[in-house]
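Chain residues, written in single-letter form:
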Amino acid sequence: MADTSPLLLPPISTEWEGDGVKKVAVSLDDSIEQCIGGFGLAQLLQTVLVSFAWVFDAQQTFISVFSDQQPSWHCTDASDPACWSGTSPCELPMSSWAWDRPLQTSIVSEWHLTCESSLLASLPTSSFFVGCLLGGFLLATLADSCLGRKRMLLLSCFLMSLTGILTVFSPNIWVYSLLRFVSGFGRASIGTCTLVLSTELVGKRWRGEVGVIGFFSFTLGFLSLPLLAFLCSESSWRALYLWTSSPALCYCLLVYFLVYESPRWLFVRGRRDEAIGTLRKVAATNGHELNYTSSGVFPEEEPQNVNIYSAMKILWENRWSLRRLLAMMVVSFGVGLMYYAMPLAVETLSLNHYLSVTFNALAEFPAMLLTFFAIGRLNRRSMVLAFTLFSGATSIACGILEGRVGEMTKWVRIGLEVGSFFSACSAINVVMIYTLELFPTCVRNSVLSLVRQALVLGGVFGSVLVAVGRKEGGSLISFGVFGLAIGLCGLFVVSLPETRGAAFCDTMEEQEREESQAHDSAKA
């Protein structure tokens, strides 16, 4: 049976000031954790439900790996020696070759993009990531201001899934690219809202692990994509969009009816009664009964209206936070260049396309498990530095081995590529959790959004590099640049403070005070 005993309020601490006594309320972080517990059934259910949005996010992020892939071809005229010696169908007459599969299996074959410029071939993927960038600026910060975490998540999922369904009816690459742009615009804040909403409802002991649950869901979505693509391999690429977008639209109903808004955000926005009502529901699910009224329990929070512009103003006025943001964005850009572009480049490794992408997706599982078990034991800064340097070194080595013949060399390159992608996955996991801990509640969603936009910006550049590599017939240019970028950008993490074991702060002043006390304690 559940424990229905009342959960007592955190005591109000006191400190002497002259001849009188000054009452000092406990922090909002401690108050919420004391009232509903660090991690119970309600938080588990909320985390799993919210994190499932990452499944659909991953599918839409990497779906172009299959819908926009370069199909294989074969010679049809056995008497034409030029056909058998050609390396590209662009060098041959149309009558001497044919695609291995039906035209509609890829946009490249259906819309005859094989011999078009690299920029046009990469337009849909680049449009998606540009949409992510713009959506991050215009949508994600609404989660800190008027909409909140829950409604922003709902809006993002709905827009992404609806656009995915409309993509099925694309008549040409221009409409297709426009819809991919809108899809990226909509999904831009899914990961941010999911991560913040999940971690703000649990105690600081569990925030790292709860964040990893979202990464696990993203991995499931990525891993499900090769399977769905294989099942649709002889069908139109439009079927893949339909099968991935329709369930996401149904998922929006679950978010609307079952997900709680973040009580921390409600308090910061001055909506105390709604926050306390949410805490009552959470506590009841956890088997507790709250025995307090809405007054005199939680520290008073000044209502704040934060958007991307006011957040930047706050960060600008506090230069220490601006330096942190810029450093994290540089690190995130390098990691994003590797993470988003690497699955697009695997077709140059001379292995079955579905198998190559599956290997990459499987690499996310050990990355997630490593992060889950190490995040509470190892320093964030050291983990990011190690992952980025290893990812860069293995990517460069993979590019250097291009052109070497032999079955063994092929599998060595595949191993290096998977190892590089594994390290990039691990780096992303830690970077997201690290960013949550570096900034207070008043700007947390906005800052995390900016860091994720830097991640996506890396994907924009990476997709162009992959298209150039395809056109030039090699992967050294892409793998080499990927490795240099993530290795050099990862070095910026050394300028950041360590946050392992630190509490979540709600204001810039509280963040400065907590870190000052931690610094003084370390010196003592």
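The structure this text deals with has already been given above.
Please read these numbers as outputs of a predicted model, since none were measured by experiment.

Rules of the game
Residues numbered from 1 in each chain as written. Predicted model: local features only at pLDDT ≥ 70, side-chain atom pairs only at ≥ 80, totals over all residues. Heavy atoms only, no water. Salt bridge = Lys/Arg side-chain N within 4 Å of Asp/Glu carboxyl O. Helix = DSSP H or I, 4+ residues; strand = E, 2+ residues; numbered from the N terminus. Buried < 20%, exposed > 50% of the residue type's maximum accessible area, 1.4 Å probe, protein only. Phe/Tyr/Trp six-rings, centres within 6.5 Å; stacked < 30°, edge-to-face > 60°. Lys NZ or Arg CZ within 6 Å of the ring centre and 35° of its normal. Patch = residues over 30% accessible without salt bridge, like charges linked within 9 Å, V, L, I, M, F, W, Y side chains within 5 Å. Areas by Shrake-Rupley, 256 points an atom, 1.4 Å probe, with all protein chains shown as cover. Polar contact = N/O pair within 3.5 Å; in protein donor to acceptor, adjacent residues only side chain to side chain. Contact = heavy atoms within 4.5 Å. Core = buried A, V, L, I, M, F, W, Y, C linked by side-chain atoms within 4.5 Å.

Chemist: Give a description of the pattern of salt bridges that names residues and reports values.
Modeler: As a working rule, side chains carrying opposite charge can pair if their charged atoms are close by. Here the structure, examined in full by the defined rule, presents 5 salt bridges. A salt bridge links glutamate 200 to arginine 149, with the nearest nitrogen and oxygen atoms 2.8 Å apart. Of this pair, glutamate 200 sits in the loop between α11 (190–199) and α12 (207–231) while arginine 149 is found in helix α9 (residues 148–167), placing the two residues 51 residues apart along the sequence. Of the two residues examined, glutamate 200 and arginine 149, each falls in the buried class. The salt bridge partner of arginine 380 is glutamate 437, with a shortest N-O separation of 2.8 Å. Taken as a pair, arginine 380 in helix α19 (residues 380–400) and glutamate 437 in helix α20 (residues 407–438) lie far apart in primary sequence, 57 residues in all.

Chemist: Let's hear about the packing of aromatic side chains: which residues, and what values?
Modeler: By the definition in use, this model includes 19 aromatic pairs. Centroid distance phenylalanine 52 to phenylalanine 56: 5.6 Å. Interplanar angle 75°. Geometry classified as edge-to-face. On the basis of relative accessibility, which here comes to 38%, the residue phenylalanine 52 falls in the partly exposed class. A centroid spacing of 6.1 Å and a plane angle of 70° characterise the contact between phenylalanine 222 and phenylalanine 421, whose relative ring orientation is edge-to-face. With a gap of 199 residues between them, phenylalanine 222 in helix α12 and phenylalanine 421 in helix α20 connect regions that are remote in the sequence. Of the two residues, phenylalanine 222 and phenylalanine 421, neither departs from the other in class, the shared state being buried. Through successive ring pairs, a cluster of aromatic residues spans Trp54, Phe62, Phe218, Phe222, Tyr339 and Phe421. Sitting above the plane of the tyrosine 256 ring, lysine 150 keeps its charged end 6.0 Å from the centroid.

Chemist: I'd like to hear about a nonpolar patch on the surface, residue by residue, with values.
Modeler: On the surface, Leu253, Leu254, Tyr256, Phe257 and Leu258 cluster together into a nonpolar patch covering about 570 Å² of accessible area. Here leucine 253 lies in helix α13 (residues 237–258).

Chemist: Run through the side chain of serine 109, naming residues and quoting values.
Modeler: Note that serine 109 resides in helix α6 (residues 107–110). Owing to a relative accessible area of 1%, serine 109 belongs among the buried residues under this scheme. Within the structure, the side chain of serine 109 is placed 2.5 Å from the backbone oxygen of leucine 103, a separation counted as a polar contact. If sequence neighbours within four positions are ignored, serine 109 has contacts with Pro71, Trp99, Pro102 and Leu103.

Chemist: So what about the nonpolar core? Which residues, and what values?
Modeler: Nonpolar side chains in soluble globular proteins tend to be buried together. Within the largest apolar cluster, 88 residues are counted, with the highest numbers of intra-cluster contacts made by Phe62, Phe215, Tyr339, Met432, Val443 and Phe482. Ranked by residue count, the leading element in this core is α20, at 13 residues. Those residues in contact with phenylalanine 62, other than ones at most four positions away along the chain, are Phe218, Phe222, Leu225, Tyr339, Tyr340 and Pro343.

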